[in-house]
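Coordinate analysis (summary)
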Amino acid sequence: ILNIRGKIVPYIHLREHFGIRSPSPAIQQVVINEVNGQRNGVVVDRVIGENQIVIKTMSKLYGGVEEISGATILGDGSVALILDIQKLLQSVGSQALAA
């Protein structure tokens, strides 16, 4: 958990949650968001910035990954996945209860 301006904010490491084993960067960032009135953080490798994007739905092959709501193609041609933060938090909460 983080202490931000005197408030406790839980956070999720995306690398751990999705089982990414490649080396993490020297500096990671926490993106703070609010879902259902509760602040949460998501640890990311980097923040790209603000972009206007068109979200494409995921094909049925990836339909079982509930934490991903879609994808977009960035200006450089790379693909960025769109997280469904609410479902991600529900998944993490379910896993914590199952442990």
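Parameters and conventions
- Residues numbered from 1 in each chain as written.
- Predicted model: local features only at pLDDT ≥ 70, side-chain atom pairs only at ≥ 80, totals over all residues.
- Heavy atoms only, no water.
- Pairing = 2+ DSSP bridges.
- Helix = DSSP H or I, 4+ residues; strand = E, 2+ residues; numbered from the N terminus.
- Buried < 20%, exposed > 50% of the residue type's maximum accessible area, 1.4 Å probe, protein only.
- Polar contact = N/O pair within 3.5 Å; in protein donor to acceptor, adjacent residues only side chain to side chain.
- Contact = heavy atoms within 4.5 Å.
- Patch = residues over 30% accessible without salt bridge, like charges linked within 9 Å, V, L, I, M, F, W, Y side chains within 5 Å.
- Areas by Shrake-Rupley, 256 points an atom, 1.4 Å probe, with all protein chains shown as cover.
- Salt bridge = Lys/Arg side-chain N within 4 Å of Asp/Glu carboxyl O.

1. Concerning the pairing of strand E4 (residues 29–35)
It is a general feature of regular strands that their side chains alternate between the two faces of the sheet. Examined bridge by bridge, E4 and strand E5 (residues 38–44) share 7 bridges and lie antiparallel to one another. From the neighbouring strand, valine 35 faces E5, where its bridge partner is glutamine 38. Between the end of E4 and the start of E5, which pair antiparallel, lie 2 residues, with asparagine 36 showing a positive phi angle near 55°.

2. Re the side chain of serine 91
In this fold, serine 91 is placed in helix H2 (residues 85–98). A relative accessible area of 17% places serine 91 in the buried class. Separated by 2.8 Å, the side chains of serine 91 and glutamate 67 make a polar contact. Apart from residues lying up to four places away in sequence, serine 91 is in contact with His17 and Glu67.

3. Digging into the pairing of strand E6 (residues 68–73)
Bridge count for E6 against strand E7 (residues 79–83) is 5 bridges, and the pairing is antiparallel. Directly across from alanine 71, in E7, lies its bridge partner leucine 81. Between E6 and the antiparallel strand that follows it, E7, lie 5 residues; glycine 77 among them carries a positive phi value of about 95°.

4. Brief notes about a nonpolar patch on the surface
Taken together, the side chains of Tyr11, Val30 and Ile32 make up a nonpolar region of the molecular surface, amounting to roughly 210 Å² of accessible area. Tracing the backbone shows tyrosine 11 in strand E3 (residues 11–13). Given a relative accessible area of 33%, tyrosine 11 falls into the partly exposed group.

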